[in-house]
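# Fold and contact review
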Amino acid sequence: MSSENQEAQEDELLALSSIYSEDEFKRADTAPGGEIQVCLELPPNFKISVKSNSAANSIVESFEGTLTLLCQHLDDLWEENGGCVVLFAWMQFLKEETLEYLNIKSPYDIQLHNNGTHTLMKTHEKSSHCIATPEEGAVDRRAIQDVQSVSALIKHILNFNENQQKKCFDSKPFLCNICFSEKLGSECTYFKDCSHVYCNSCLRDYFEIQIRDGEVHALNCPEPKCTSVATPAQVKMLVGEQLFSRYDRLLLQSTLDLMSDVVYCPRPSCETPVMQEPGDPMGICTSCQYA
């Protein structure tokens with residue numbers, strides 16, 4: 001490779017590092033090149049469903065054929081650039097034109113074989129244009145799928161979706177209706193059931209007072225008449241280990257107190273909660289065996 005080509009490649013890598021975040025493009029530390037992870041911007045209310053499918057291998061070949069066409073188009077872009085630097089053109093195409101090129105529309109099904117080893121993706125609408133499928137057997141090795149299992153794929157999709165939602169939330173400003181300050185989502189807590197948002201500082205003060213007063217069932221959304229309750233993970237994140245331990249203990253105790261078939265061992269040094277059998281006048285402590 002000529003020094004001119006090496007210099008052009010280095011300039012492109014530097015440009016990509018400045019244009020994209022590390023989540024999308026990360027330069028290698030010890031070698032030339034890097035790693036690209038393309039995140040598509042899906043239209044609003046775009047729906048994806050995962051379904052099991054026992055169809056024949058021809059379905060798998062159809063999906064891998066679609067990916068082969070995508071690989072071929074990337075090769076065409078390289079040819080159009082005359083063998084010059086092409087990474088930016090590839091990333092722009094994958095980010096902005098993939099959905100249209102492959103005619104991917106909502107609702108979008110991901111269908112899997114019963115053994116979960118392959119996937120098929122298809123839309124419910126017919127394409128407005130035709131894409132010629134590759135000749136039989138001409139599957140690009142870059143298009144071969146190796147999904148390990150259905151559950152693993154679904155878990156990966158859900159985790160990715162949750163991480164992307166968290167990233168979007170963290171970067172947006174929100175007005176706290178307690179202190180009336182505008183703060184980034186990374187400094188706020190979101191109540192999933194009602195979608196209300198409050199800053200962590202205000203919620204921390206509110207929750208700490210409630211826990212110290214023993215009102216562990218009152219850690220709800222501060223919005224008037226709202227019944228949404230903070231999750232244990234949210235409480236722990238806001239109040240810290242020590243107060244969370246008190247919250248956890250009081251919550252368990254109050255729950256046991258509401259159960260009519262639970263009694264406490266009368267020994268002051270024990271006081272273990274015991275489940276009493278219906279119709280049995282005696283209870284035996286599971287900790288100290290006191291009857």
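Residues numbered from 1 in each chain as written. Predicted model: local features only at pLDDT ≥ 70, side-chain atom pairs only at ≥ 80, totals over all residues. Heavy atoms only, no water.

The name an unreviewed UniProt entry gives the protein is RBR-type E3 ubiquitin transferase, with Aquarana catesbeiana as the organism. Looking at the Catalytic activity (unreviewed entry) heading of the UniProt record, one finds this comment for the protein: "[E2 ubiquitin-conjugating enzyme]-S-ubiquitinyl-L-cysteine + [acceptor protein]-L-lysine = [E2 ubiquitin-conjugating enzyme]-L-cysteine + [acceptor protein]-N(6)-ubiquitinyl-L-lysine." (UniProt positions renumbered as here; feature names shortened; annotations may be inferred.)

The subject of this paragraph is the overall build of the protein. Scanning the protein for helices and strands turns up seven helices and eleven strands. Scored against the burial criterion, the 291 residues of the protein give a buried share of 29%. Pairs at least 24 apart in sequence give 49% of the contacts found in the protein among residues at least 6 apart. If you sum the accessible surface of the protein, you get close to 19,600 Å²; carbon and sulfur atoms cover 52% of it. (Helix = DSSP H or I, 4+ residues; strand = E, 2+ residues; numbered from the N terminus. Buried < 20%, exposed > 50% of the residue type's maximum accessible area, 1.4 Å probe, protein only. Contact = heavy atoms within 4.5 Å. Areas by Shrake-Rupley, 256 points an atom, 1.4 Å probe, with all protein chains shown as cover.)

This brings us to the confidence of the model for the protein. Per-chain confidence: the protein averages 79 in pLDDT, with 82% of residues scoring 70 or above. In the model, residues 55-59 has pLDDT below 50 throughout and makes five contacts with residues more than four positions away in sequence or in other chains. Below a pLDDT of 50 lies the segment residues 115-132, which in the model reaches 48 contacts outside its immediate sequence neighbourhood of four places, other chains included. (pLDDT = per-residue confidence, 0-100.)

Evaluated as defined, the whole model comprises five aromatic pairs. Plain terms: the ring middles of Tyr206 and Phe207 are 5.6 Å apart, the flat faces sit at 40° to each other, and that makes the pair tilted. Tyr206 sits in the partly exposed class, given a relative accessible area of 25%. Both rings, one in Phe244 and one in Tyr247, keep their centres 5.5 Å apart while their planes meet at 40°; by these two values the pair is tilted. Highlighted residues: Phe244 and Tyr247, both in helix α7 (residues 232-257), separated by three residues, approximately one helical turn. Assigned by exposure class, Phe244 and Tyr247 land together as buried. Each residue in the set Phe169, Phe174 and Tyr190 is aromatic and connected to the rest through ring pairs, giving one cluster. (Phe/Tyr/Trp six-rings, centres within 6.5 Å; stacked < 30°, edge-to-face > 60°.)

This brings us to the side chain of Gln210. Position of Gln210 relative to the elements: it lies in helix α6 (residues 200-212). Take Gln210: its relative accessible area is 15%, and that puts it in the buried class. Ignoring any residue separated from it by four or fewer positions in sequence, one finds Gln210 in contact with Glu215, Val216, Ala218 and Leu219.

Another aspect to go through is a nonpolar patch on the surface. Taken together, the side chains of Leu40, Leu42 and Ile48 define a hydrophobic patch exposed on the protein surface, amounting to about 240 Å² of accessible area. Mapped onto the elements of the fold, Leu40 is located in the loop between β2 (34-36) and β3 (48-52). (Patch = residues over 30% accessible without salt bridge, like charges linked within 9 Å, V, L, I, M, F, W, Y side chains within 5 Å. Salt bridge = Lys/Arg side-chain N within 4 Å of Asp/Glu carboxyl O.)

Let's shift gears to the nonpolar core. Core analysis: the largest hydrophobic core is formed by 24 residues, its most contacted members being Phe191, Phe207, Ile211, Val235, Val239 and Tyr247. Taken together, the elements giving at least two residues each to this core come down to β9 (197-199), α6 and α7. For this core, the element with the most residues is α7, which contributes seven residues. Leu99, Leu102, Ile104 and Ala143 belong to the second largest nonpolar core, which has twelve residues in total. (Core = buried A, V, L, I, M, F, W, Y, C linked by side-chain atoms within 4.5 Å.)

All told, the structure shown has eight salt bridges when counted by the stated rule. Put simply, Glu24 and Lys95 hold a salt bridge, and the shortest N to O gap is 2.8 Å. In this pair, Glu24 is assigned in the loop between α1 (3-19) and β1 (25-27) and Lys95 in helix α3 (residues 87-96), connecting sequence segments 71 residues apart. Residue Arg142 is joined to Asp140 by a salt bridge in which the shortest nitrogen-to-oxygen separation is 2.7 Å. The partly exposed category is assigned to Arg142, whose relative accessible area is 46%.

Here we take up the packing of α1 against α3. Two quantities define a packed helix pair, namely the angle between the axes and the distance from one axis to the other. Their axes nearest at 10 Å, the elements α1 and α3 cross at an angle of 35°. Along the contact surface, α1 presents Glu12, Leu13, Leu16 and Ile19, while α3 presents Leu87, Phe88 and Met91. The residue makeup of the contact of α1 with α3, split by class, is six nonpolar, no polar and one charged. (Axes fitted to C-alpha atoms, helices over the stretch in contact; angles between N-to-C directions. Nonpolar A, V, L, I, M, F, W, Y, C, P; charged D, E, K, R; others polar.)

Attention now moves to the environment of Cys179. With respect to the helices and strands, Cys179 occurs in the loop between β6 (173-175) and β7 (182-184). Distance from Cys179 to Cys199, taken between C-alpha atoms, is 8.3 Å for residues 20 residues apart in sequence. Beyond its immediate sequence surroundings of up to four residues, Cys179 is in contact with Cys199 and Cys202.

A cis amide bond links Ser106 to the next residue, Pro107, at an omega of 0°. Phi at Asn103 is positive, roughly 55°, even though this residue is not glycine. Topologically, Asn103 is positioned in the loop between α4 (98-101) and β4 (108-112). Notably, Ser195 is not glycine yet its phi reads approximately 70°, a positive angle. Position of Ser195 among the secondary structure elements: in the loop between β8 (188-190) and β9.

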